[in-house]
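Tertiary structure, described
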Amino acid sequence: MARVVALQQNQLSFSPLASSLSDFSGTRLQTQLQFKRKLWQPKGSFHVSASSTKKILIMGGTRFIGVFLSRLLVKEGHQVTLFTRGKAPVTQQLPGESDSDYADFSSKILHLKGDRKDFDFVKSSLSAQGFDVVYDINGREADEVEPILDALPNLEQFIYCSSAGVYLKSDLLPHAETDAVDPKSRHKGKLETESLLQSKGVNWTSIRPVYIYGPLNYNPVEEWFFHRLKAGRPIPIPSSGLQITQLGHVKDLARAFIQVLGNDKASKQVFNISGEKYVTFDGLARACAKAGGFPEPELIHYNPKDFDFGKKKSFPFRDQHFFASVEKAKSVLGFVPEFDLVEGLADSYNLDFGRGTYRKEADFSTDDIILGKSLVGV
């Protein structure tokens, strides 16, 4: 039976999902750093002007990063197609977004339904459509990218979402784009993809985020803290809690992806993208409390080596210092994060968790193991 996959304009009107996002307009976020929260309004005003309209393909685009990115690209007048398996709605209305703005976006976004691991279909469908630029948001392995390049020999730019997790663990921080990488990391597929892009001679740009947070985040980053704060529970933090890490807001990341589009300075370059400030684990817990208007949290420190949690993770971050310099992106691209940490966490809380929506149910089983042993030892 012949495969039938249609490229069609998506004019459906989906109801807002509970896990929704902010629009890209609004006044400056006001965050009360005490326990009583002030009136909150969404933040994230941004506008860029591309030199010309492009026919753009986004691999992915319905979960997190791509939702923000596609909004910006459509606003700039580009023709945007999302390549997905069609398991999630192609569009969803964002909190604060007017019905007219949503209808405009929904009427302009295009959808190509398929499995990117079906390499023959990728080659035939992409070559038939032709695209100027590809944003690969969900690519994990090099063999998933090669068929795209084969199908689009005249591609102007391939923009790839890599990860700062590719860097080799080091005592010298922050990580810079020239630092050694770890070929055995769990992100080795992204390293291999970057090598493939280099070897193919295409005009490519790779973005390496650190930890990403913000509304619609499907990784339990800030949500992990919000669950415990809402329940009024102590927050267990491994070791001293002084481990330094770094978070970048998804809207700032989307803007960085826009800034490399058609930018000659971004040609065949890698950029770290995240927030400008670093934060300790303890500091992150306190920042989440401030953002959500909760009292100062009780922090419980524990030695992870004293526990066997099986396959469950007791904490959402790697237990080490992990942060990267964004100086290259600032100097080359003019990248300036709009959100500081507490503002960004408040944006996430008010547009997602604070509305009673989240990706995963609260699971305090590892907390109870930690707290049980702590209490016994007192």
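A brief structural summary. (Residues numbered from 1 in each chain as written. Predicted model: local features only at pLDDT ≥ 70, side-chain atom pairs only at ≥ 80, totals over all residues. Heavy atoms only, no water.)

1. Some points on the overall build of the protein chain
- When you go through the protein chain residue by residue, the secondary structure sums to 11 helices and 14 strands.
- Per-residue burial over the protein chain gives 55% buried out of 378 residues.
- In the protein chain, 81% of the contacts between residues at least 6 apart in sequence involve partners at least 24 apart.
- Counting only carbon and sulfur atoms, one obtains 50% of the accessible surface of the protein chain, whose full area is about 17500 Å². (Helix = DSSP H or I, 4+ residues; strand = E, 2+ residues; numbered from the N terminus. Buried < 20%, exposed > 50% of the residue type's maximum accessible area, 1.4 Å probe, protein only. Contact = heavy atoms within 4.5 Å. Areas by Shrake-Rupley, 256 points an atom, 1.4 Å probe, with all protein chains shown as cover.)

2. Some thoughts on the pattern of salt bridges
- Counted by the stated rule, this structure contains 18 salt bridges.
- Arg-228 serves as the salt-bridge partner of Asp-367, at 2.7 Å between the closest nitrogen and oxygen. Within this pair, whereas Asp-367 is found in helix 11 (residues 365-377), its partner Arg-228 is found in helix 6 (residues 222-230), the two being separated by 139 residues in sequence. For the residue pair Asp-367 and Arg-228, the accessibility class agrees, reading buried in each case.
- The shortest N-O distance in the salt bridge between Arg-255 and Glu-338 comes to 3.4 Å. Residue Arg-255 is found in helix 7 (residues 250-259), and its partner Glu-338 is found in the loop between helix 9 (327-333) and helix 10 (341-351); the two are separated by 83 residues along the sequence. (Salt bridge = Lys/Arg side-chain N within 4 Å of Asp/Glu carboxyl O.)

3. Considerations on helix 3 (residues 119-129)
- Where helix 3 is concerned, the buried positions are Phe-121, Val-122, Ser-125 and Leu-126. An end-on view of helix 3 places all buried positions within 110 degrees of arc, on one side of the element. Exposed and facing more than 90 degrees away from the buried side of helix 3 are Asp-120 and Ala-128.
- Considering only its buried residues, helix 3 is in contact with strand 2 (55-59), strand 3 (79-84), strand 4 (110-113) and helix 4 (146-151).
- One or two steps after helix 3, the chain reaches Gly-130, where phi turns positive at roughly 75 degrees. (Arc of directions from axis to C-beta.)

4. Quick word on the pairing of strand 2
- Taken across its 5 residues, strand 2 has 4 buried, putting it largely inside the fold.
- For strand 2 and strand 3, the ladder comprises 5 bridges, and the chain directions are parallel. Bridging across to strand 3, Met-59 finds its partner in Phe-83.
- Between strand 2 and its parallel partner strand 3, the chain crosses via helix 1 (residues 65-75), and the hand of that crossover is right-handed. (Pairing = 2+ DSSP bridges. Right-handed = clockwise from strand over helix to strand, strands pointing away.)

5. Points about the side chain of Thr-245
- Relative to the elements of secondary structure, Thr-245 occurs in strand 10 (residues 244-245).
- Of note is the side chain of Thr-245, whose polar atom sits 3.3 Å from the backbone oxygen of Phe-322.
- Leave out the neighbours within four places in its chain, and Thr-245 touches Tyr-211, Tyr-278, Val-279, Phe-281, Phe-317, Phe-322 and Phe-323. (Polar contact = N/O pair within 3.5 Å; in protein donor to acceptor, adjacent residues only side chain to side chain.)

6. Comments concerning the pairing of strand 3
- Across the 6 residues of strand 3, 5 count as buried, placing the element largely inside the fold.
- In the sheet, strand 3 pairs with strand 4 via 4 bridges, with the strands oriented parallel. The residue bridging Leu-82 from the neighbouring strand is His-111, located in strand 4.

7. A look at the environment of Leu-216
- Within the element layout of this structure, Leu-216 appears in the loop between strand 8 (211-213) and helix 6.
- When the C-alpha positions of Leu-216 and Asp-352 are compared, they lie 6.9 Å apart, and in sequence the two are 136 residues distant.

8. Section: the environment of Val-166
- For Val-166, the location among the structural elements is in the loop between strand 6 (157-161) and helix 5 (188-200).
- Among the residues examined, Val-166 registers a relative accessible area of 0% and is labelled buried.
- Residues Val-166 and Gly-189 lie 23 residues apart in sequence; the distance between their C-alpha atoms is 9.3 Å.

9. Re the packing of aromatic side chains
- The final tally for this structure, using the stated rule, is 21 aromatic pairs.
- Centre to centre, the rings of Tyr-211 and Phe-317 are 4.5 Å apart; their planes meet at 80 degrees, and the pair counts as edge-to-face. Residue Tyr-211 is located in strand 8, and its partner Phe-317 is located in the loop between strand 14 (299-302) and helix 9; the two are separated by 106 residues in the primary sequence.
- You can call Phe-317 buried: its relative accessible area is 6%.
- Seen in terms of ring centroids, Phe-225 and Phe-315 are 6.0 Å apart; in terms of plane orientation they differ by 85 degrees. Their pairing is edge-to-face. Taken together, the residues Phe-225 in helix 6 and Phe-315 in the loop between strand 14 and helix 9 connect sequence positions 90 residues apart.
- Given a relative accessible area of 0%, Phe-225 falls into the buried group.
- Residue classification places Phe-315 among the buried residues on the basis of a relative accessible area of 5%.
- Put simply, the rings of Tyr-211, Trp-224, Phe-225, Phe-281, Phe-315, Phe-317 and Phe-322 touch in pairs and so form one group of aromatic residues.
- Sitting over the face of the ring of Trp-224, Arg-228 holds its NZ or CZ atom 3.9 Å from the ring centroid.
- Its guanidinium or amino end placed over the ring of Phe-271, Lys-328 lies 5.0 Å from that ring's centre, counting from NZ or CZ. (Phe/Tyr/Trp six-rings, centres within 6.5 Å; stacked < 30°, edge-to-face > 60°. Lys NZ or Arg CZ within 6 Å of the ring centre and 35° of its normal.)

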